[in-house]
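Okay, here's what each chain looks like letter by letter:
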Amino acid sequence: MERNHLPIGVFDSGVGGLTVAREIFRNLPNEKIIYYGDTARVPYGNKSADTIKRYSRQITRFLLSKDVKAIVIACNTASALALDAVREMTDIPVIGVVEPGARAAVSATSSGRIGIIGTSATITSGLYDRYIKEMMPSAQVFGKACPLFVHLVEEGMLDDSVTVEMIHRYLDDLIKNDNIDTLILGCTHYPLLRSVIAREIGGVFSGYTKELPDAGGASNAAVSGEGKITLVNPAYTTAMELSQVLKECGLASEAPVSFSDHQFYVSDGPDNFRAFASEILELTIDNVSLMLTDQL
Ligand code: DGL
């Protein structure tokens, strides 16, 4: 069998990685994916590097057993802490979300003052900073962990007074004191808050596919705005990077796939996964299988 027709393995700590998967669905319509969401062990964002690496290796073993042609680590936390650990296990291309996100921010910034929001583990890892400084040594990078955003999104509180309050508590300092002109939404869940964040902090979008749902039903057309903060979505830039890598490696598929060709696995609660996909992401996912972590 030609390797071009093999699926792409995508994994995340849970449901959030579907924001990356949907960018793949929309921008790479010829590729089918096998998604693993570790819903039993989410969140990864407050766990140690060793634990995140161990979980990521287990999931990678499972995806490799399905003969995937490439792996996308959709989770920012796992990308920040386990990319090398996963790459050591295989020769197939492994793409994390951090480097594409950093690259997009570097091309978006004018002042070189870049903010990153993510889980505590992502921010503490310093990996976004490292990539940004490699690409733009003069950049100044300001990180802020925003752990409650994950829970607010999972509770469906996308445009809620509590969420708005948290946006200001987390972000006002980055905007008013650090004076950033670009903000990386460095966590799978945060693109779902993009309209509300943009409204509250005066932001415009960069790198979004149009028509993807979020709280404000935002048109994603705007890519620049005088005096505004550009919001960078690593999910989109990762899909673009995946497309390029597949072409370079001669692995791109040329035959369109249908949505039912994708396979989804979770380590707990397939019904909750299905409900989140449909209510928050407007994706109808029928074929979700339970794959317990001790079977990985
Ligand atoms: N998927 C995680 C990330 O992008 C967020 C949820 C978690 O903490 O596991 O960092």
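Let me begin by describing the structure that accompanies this report.

1. Points about helix H3 (residues 76–87)
- Over its 12 residues, H3 runs 16 Å from end to end, which matches the ideal 16 Å to within 8%, given 1.5 Å per residue.
- Of the residues making up H3, those classed as buried are Asn76, Thr77, Ala78, Ser79, Ala80, Leu81, Ala82, Leu83, Ala85 and Val86.

2. Concerning the site of the ligand
- The ligand sits among 13 residues. The nearest are Asp12, Ser13, Tyr44, Gly45 and Thr77.
- Here an oxygen atom of the ligand and a backbone polar atom of Asn76 are 3.0 Å apart.
- Look at the ligand: alone it shows 290 Å² of surface, and the protein chains cover 99% of it.
- A per-class count over the shell around the ligand returns five nonpolar, seven polar and one charged.

3. What about the sheet that holds strand S2 (residues 33–37)?
- Taken together, the six strands give an open sheet; going across it, the order is S4-S3-S1-S2-S10-S11, and neighbouring strands pair in parallel fashion. Single-partner strands in this sheet number two, and they are strand S4 (94–96) and strand S11 (288–290). Along the sheet, successive strands turn relative to each other by an average axial angle of 20°, direction set aside.
- Of the strand pairs in this sheet, S2 and strand S10 (residues 263–266) are connected by four bridges, and their pairing is parallel. For Tyr36, the partnering residue across the bridge sits in S10 and is Tyr265.
- Strands strand S1 (8–12), S2, strand S3 (70–73) and S10 of the sheet are contacted by helix H1 (residues 18–27), whose axis makes an angle of about 170° with S2.
- Sitting on the sheet, helix H10 (residues 234–248) touches S1, S3 and S4, and the angle it makes with S4 is about 160°.

4. Overview of the packing of helix H2 (residues 49–65) against H3
- Where H2 meets H3, the closest approach of the two axes is 9 Å, and the angle between their N-to-C directions is 65°. In this structure, H2 meets H3 at a crossing whose hand is right-handed. Packed against H2, whose contacting residues are Ala49, Ile52, Lys53, Ser56, Arg57 and Thr60, the element H3 presents Thr77, Ala78, Leu81, Ala82, Ala85 and Val86 at the interface.
- Residue composition of the contact of H2 with H3, by class: seven nonpolar, three polar and two charged.

Parameters and conventions
- Residues numbered from 1 in each chain as written.
- Predicted model: local features only at pLDDT ≥ 70, side-chain atom pairs only at ≥ 80, totals over all residues.
- Heavy atoms only, no water.
- Helix = DSSP H or I, 4+ residues; strand = E, 2+ residues; numbered from the N terminus.
- Expected span 1.5 Å × (residues − 1).
- Buried < 20%, exposed > 50% of the residue type's maximum accessible area, 1.4 Å probe, protein only.
- Near = heavy atom within 4 Å.
- Polar contact = N/O pair within 3.5 Å; in protein donor to acceptor, adjacent residues only side chain to side chain.
- Areas by Shrake-Rupley, 256 points an atom, 1.4 Å probe, with all protein chains shown as cover.
- Nonpolar A, V, L, I, M, F, W, Y, C, P; charged D, E, K, R; others polar.
- Pairing = 2+ DSSP bridges.
- Axes fitted to C-alpha atoms, helices over the stretch in contact; angles between N-to-C directions.
- Contact = heavy atoms within 4.5 Å.
- Left-handed = near helix turned anticlockwise from the far one by under 90°.

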